[in-house]
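Fold and geometry: a report
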Amino acid sequence: MAAAPPDGQEKVIAAAQHIVKSLASSKNAADDMIRILSGFDNRLSLMSDLFPPPPGAADAVDSILEADEGTSQEEGEDDDAAARAEAEWDAAAEVIERWESPAAGDRMVFGSREDAEEYLAAAATLAGAPGPRAEAALQAAMARLEDEFRHLLIRSASPLAAEDLQASLLRRLSLTVPSFNSSAVDLDCPSFANHSGEGGDESGGGRNSVSDEEISPYLIAPDTVGALRDIADVMLRAGYAPELCQVYGEVRRDTLMECLAVLGVDKMSLEEVQRVEWGVLDGKMKKWIQALKVVVRGLLAEERRICSQILAADPNAEEECFAEAAKGCVLQLLNFGDAIAIGKRSSEKLFRILGMYEALAEVLPELEGLFSGEAKEFIKEEAEGILVRLGDAVRGTIAEFASAIQGETSRRPLPGGEIHPLTRYVMNYVRLLADYNASLNQLLEYWDTELNGSDNPNMTPLGHCVLMLITHLQSKIDEKSRLYEDEGLQNIFLMNNLLYIVQKVKDSELKTLLGDNWIRKRRGQIRQYSTGYLRSSWARVLACLRDDGLPQTMGSSSALKTALKDRFKNFNLAFEELYRTQTSWRVVDPQLREELKISISEKVLPAYRSFVGRFRGQLEGGRGSARYIKYNPEDLENQVSDFFEGKKPNA
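Residues numbered from 1 in each chain as written. Predicted model: local features only at pLDDT ≥ 70, side-chain atom pairs only at ≥ 80, totals over all residues. Heavy atoms only, no water.

So, about the overall build of the chain. Regarding its fold elements, the chain presents 24 helices and zero strands. When the 651 residues of the chain are sorted by exposure, 44% land in the buried category. Sequence separation of at least 24 residues holds for 77% of the intrachain contacts in the chain that already meet a minimum separation of 6. Split by element, the accessible area of the chain, about 33,000 Å² in all, is 49% carbon and sulfur. (Helix = DSSP H or I, 4+ residues; strand = E, 2+ residues; numbered from the N terminus. Buried < 20%, exposed > 50% of the residue type's maximum accessible area, 1.4 Å probe, protein only. Contact = heavy atoms within 4.5 Å. Areas by Shrake-Rupley, 256 points an atom, 1.4 Å probe, with all protein chains shown as cover.)

The structure is reproduced here in structure tokens:
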């Protein structure tokens, strides 16, 4: 047994025990109190004998001691990690600072792969690193990477001569630029589908599968894309997206604008468009139609693909960069279209405007699809507004053309009754309208055509428009026919012009628009003009060959002979006058020309044969009988064959 404590000591322990019992409510509290009191007197440590530990207390103490040791170990490891991180930051800062020293000179980080990898790794390490040195080094790194990013973008887009770029874009991008018609666009290229290769790339999508050789020199080479993407990843991670987007937008915008200029689309104000002569403007409008498809389906589609590769780490930055790069190019195209749409209207512009309308309508969904967010809404609103104004310009130009037909004031009749230039111009113009059937039916759907003269409710809007224009033309031709004093020549003129109109309709899509019934009615009019010609030109000749007015004396009679001499003389004079004048007239259509000659022969020759046969005996044997019966029927037929050939008088 342990020895009993001395008497004084026993009292102290008893007092302490009493305090502990009165204050402590748990094992922990008791232990803490014992530890405190024993600090005052080591004799109080004997209290442990009086308070036996609860079950497991020893194990708990051991666990606490082990935990304390573990915490100390982790704290040591954290200290080591912090030291290593700080060492890495210092090493990264040293790399950046080395490139900022005079010893670096004008060297480019991306002059070698090893330098680029080391520098990018250092810049990435400094992103988010604390401390003034790390922050200063990061700023220096971002400034240098921004410069190198700009340099790589510019270097990768070396310009070509205009003809080289045009050929390269069309050959290497293999764009589809279908021709609208012979009067508008004559560019013909292989299908854009040929541009897609087998398989895909990291961007996905068939149109992105482009071999290195197919990429235009004005875009970016694949090896440069990788370097640009590496720079972009580091700058985006470091929070420098605005600076990155500004550089990308500036450089690529300038490159795309340069491409646009090479394609022949110059920046022109409304005033400049109004002042330029038509021959120059026509060429610019044609180039615009070509360039619109090249830009949307070639340059911008490829720009979008490259942009998505370089800025794959941040979709928002990708959208912003592409919008900044592409908007200037798109707006310059749209602004030219708008200047044309709201400019002065004249009939010669119509088919170019229609070509522009159809080109923009065709690529508009693709153009909108290249953008997103606010940029998409902005481009969509601008393009759709210009499309509407181009449609207004089409309707307005057709109205101007109709007014021009009605207002044509030339008063000089064409020699020989030939086809009037107005007829040729209007019908060729109208015939080209049919090439834009779908677009014009849409644009003219609600157009006022109350003057079209159609009684066909099933006629299309374009059909109504065409009928209106041809009706105006026929009215003008009727008016011009009255410029001829000779009624026969009036009918020749009307036949020539109406047959030309009918043939243009019959041999084109206009036949579908106007219908067979319209053609039949106009052919009936041509027959009426033919009858009018025969009546007006040959009535006097045929009157000489009738018995009416001849003396009815039986046998030989001086009165009858005199009358017959007058008849033959008048016939000869009338026929010779017709021969002199109508051989200079011209019936343009060979078939109509032969039909008229046959009609003349069928009317004149039988009457002449009959008249000569009945009265030749009255004049034969007399003095100078050959002067009166100058022609036999075969002579007349040969002379009729010379009619309507447009021979010059005395030729």
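Moving on to helix α13 (residues 350-370). Because an α-helix packs 3.6 residues into every turn, residues spaced three or four apart end up facing the same way. Taking 1.5 Å as the rise per residue, α13 with 21 residues should run 30 Å; its terminal C-alpha atoms sit 30 Å apart, in good agreement. Of all the bends in α13, the greatest reaches close to 45° and is centred on Leu364; the proline Pro365 follows between one and four positions later. (Expected span 1.5 Å × (residues − 1). Bend = angle between axes of the 7 residues up to and from the residue.)

Pairs can form between side chains of opposite charge whenever their charged atoms are close. Enumeration according to the criterion identifies 31 salt bridges in this entry. Between Asp548 and Arg546 there is a salt bridge; the shortest N-O distance is 4.0 Å. Judged by relative accessible area, which is 41%, Arg546 ranks as partly exposed. One salt bridge connects Lys597 with Glu594, and the closest N-O pair in it is separated by 3.6 Å. One end of the pair is Lys597 and the other is Glu594, both in helix α22 (residues 590-619) and three residues apart, which spans about a single turn. A relative accessible area of 38% places Glu594 in the partly exposed class. Where salt bridges share partners, they join Lys293, Arg297, Glu362 and Glu366 into one cluster. (Salt bridge = Lys/Arg side-chain N within 4 Å of Asp/Glu carboxyl O.)

Take the nonpolar core next. Residues Met142, Leu145, Phe149, Ile310, Phe371, Tyr533 and Trp538 are the most contacted members of the largest nonpolar core, which totals 178 residues. In this structure Phe371 touches Arg304, Phe322, Ala323, Ala326, Lys327, Val330, Lys376 and Ile379, once residues within four positions along its chain are discounted. (Core = buried A, V, L, I, M, F, W, Y, C linked by side-chain atoms within 4.5 Å.)

Where empty space is left becomes clear once a probe the size of a water molecule has been rolled over the atoms. Summed over all chains, the structure comprises three cavities of 30 Å³ or more. Of all the elements in the fold, those that place two or more residues in the lining of the largest cavity are α17 (461-481), α18 (487-506) and α20 (516-543). For the lining of the largest cavity, the element with the most residues is α18, which contributes four residues. Its residues assigned to classes, the lining of the largest cavity comprises five nonpolar, three polar and one charged. (1 Å grid on protein atoms, 1.4 Å probe; cavity = no way out; pocket = protein on both sides within 12 Å on 5 of 7 lines; lining within 4 Å. Points joined across faces, edges and corners; volume = space filled by probe spheres on them. Nonpolar A, V, L, I, M, F, W, Y, C, P; charged D, E, K, R; others polar.)

Further remarks concern the packing of α20 against helix α21 (residues 558-582). Across the interface, α20 lies against α21 with an axial gap of 7 Å and an inter-helix angle of 150°. One finds that α20 runs roughly antiparallel with respect to α21. Across the interface between the two elements, Tyr533, Ser537, Trp538, Arg540, Val541 and Ala543 from α20 touch Arg567, Phe571, Ala574, Phe575, Leu578 and Gln582 from α21. Its residues assigned to classes, the contact of α20 with α21 shows eight nonpolar, two polar and two charged. (Axes fitted to C-alpha atoms, helices over the stretch in contact; angles between N-to-C directions. Parallel < 35°, antiparallel > 145°, perpendicular 65-115°, else oblique.)

By convention here, two paired aromatic rings are described through the distance between centres and the angle between planes. Considering all chains together, one arrives at 20 aromatic pairs under this definition. Measuring from centroid to centroid gives 4.9 Å for Phe611 and Phe615, while their planes differ by 55°, and the two rings are tilted. You can see Phe611 and its partner Phe615 sitting in helix α22, four residues apart, about one turn around the helix. A relative accessible area of 12% means that Phe615 is categorised as buried. Linked through ring pairs, Tyr533, Trp538, Phe571, Phe575, Tyr579, Trp585, Tyr608, Tyr631, Phe643 and Phe644 together constitute an aromatic cluster. When the ring centre of Phe322 is taken as reference, the NZ or CZ atom of Arg304 above it lies at 5.0 Å. (Phe/Tyr/Trp six-rings, centres within 6.5 Å; stacked < 30°, edge-to-face > 60°. Lys NZ or Arg CZ within 6 Å of the ring centre and 35° of its normal.)

Time to look at helix α24 (residues 633-640). For α24, the set of buried residues is Pro633, Leu636 and Val640. Projected down its long axis, α24 shows its buried positions confined to an angular sector of 60°, all on one face. For α24, the N-terminal cap is Asn632; the gap from its side-chain oxygen to the backbone nitrogen of Glu634 is 3.1 Å. (Arc of directions from axis to C-beta. Polar contact = N/O pair within 3.5 Å; in protein donor to acceptor, adjacent residues only side chain to side chain.)

Among the secondary structure elements, Ala238 is positioned in the loop between α8 (222-237) and α9 (241-262). Along the primary structure Ala238 and Met142 are separated by 96 residues, whereas in three dimensions their C-alpha atoms are 8.4 Å apart.

Below, the discussion takes up the confidence of the model for the chain. For the chain, the mean per-residue pLDDT works out to 82, and 76% of the residues sit at or above 70. No element of the chain has a lower mean pLDDT than helix α3 (residues 47-50), at 46, and none a higher one than α18, at 98. Considering only residues more than four positions removed or in separate chains, one finds that residues 1-8, a stretch of pLDDT under 50, has one contact. Segment residues 39-51 is flagged for pLDDT under 50; beyond a separation of four residues in sequence, or across chains, it makes 23 contacts in the model. (pLDDT = per-residue confidence, 0-100.)

This brings us to the side chain of Gln474. In this fold, Gln474 is placed in helix α17. A relative accessible area of 13% places Gln474 in the buried class. Not counting residues up to four positions away in its chain, the partners in contact with Gln474 are Leu498, Ile501, Trp518, Arg522 and Gln525.

Take the side chain of Glu368 next. Along the chain, Glu368 turns up in helix α13. Although Glu368 lies buried, it forms no salt bridge, and the closest oppositely charged side chain, Lys380, sits 4.8 Å away as judged by the N-O distance. If near-sequence neighbours (up to four positions away) are discounted, Glu368 is found in contact with Lys376, Lys380 and Glu384. (Lys, Arg positive; Asp, Glu negative; His and termini not counted.)

This part is about the environment of Ser403. Along the chain, Ser403 falls in helix α14 (residues 373-406). The sequence separation of Ser403 and Leu469 amounts to 66 residues, and the corresponding C-alpha distance is 9.4 Å.

Let us look at the packing of α8 against helix α11 (residues 278-310). Following both chains from N to C, one finds α8 and α11 inclined at 50°, their axes separated by 8 Å at the closest point. As judged from the angle between their axes, α8 and α11 are oblique. Between α8 and α11, the residues in contact are Val225, Leu228, Arg229 and Ala232 and Ile306, Gln309 and Ile310, respectively. Here the residues of the contact of α8 with α11 are counted per class, giving five nonpolar, one polar and one charged.

Further remarks concern the state of the cysteines. Under the definition given, this model contains zero disulfides. Here Cys245 is not cross-linked by a disulfide; its sulfur's nearest cysteine counterpart is in Cys321, at 3.1 Å. Residue classification places Cys245 among the buried positions, given a relative accessible area of 2%. Here Cys329 stays free of any disulfide, with the sulfur of Cys259 as its closest cysteine sulfur at 7.9 Å. With relative accessibility at 1%, the residue Cys329 sits in the buried group. (Disulfide = S-S within 2.5 Å.)

So, on to unusual backbone geometry. For Phe644, which is not glycine, the phi dihedral falls at a positive 65°. Locating Phe644 in the fold gives a position in the segment after α24. For Phe644, a relative accessible area of 0% puts it in the buried group.

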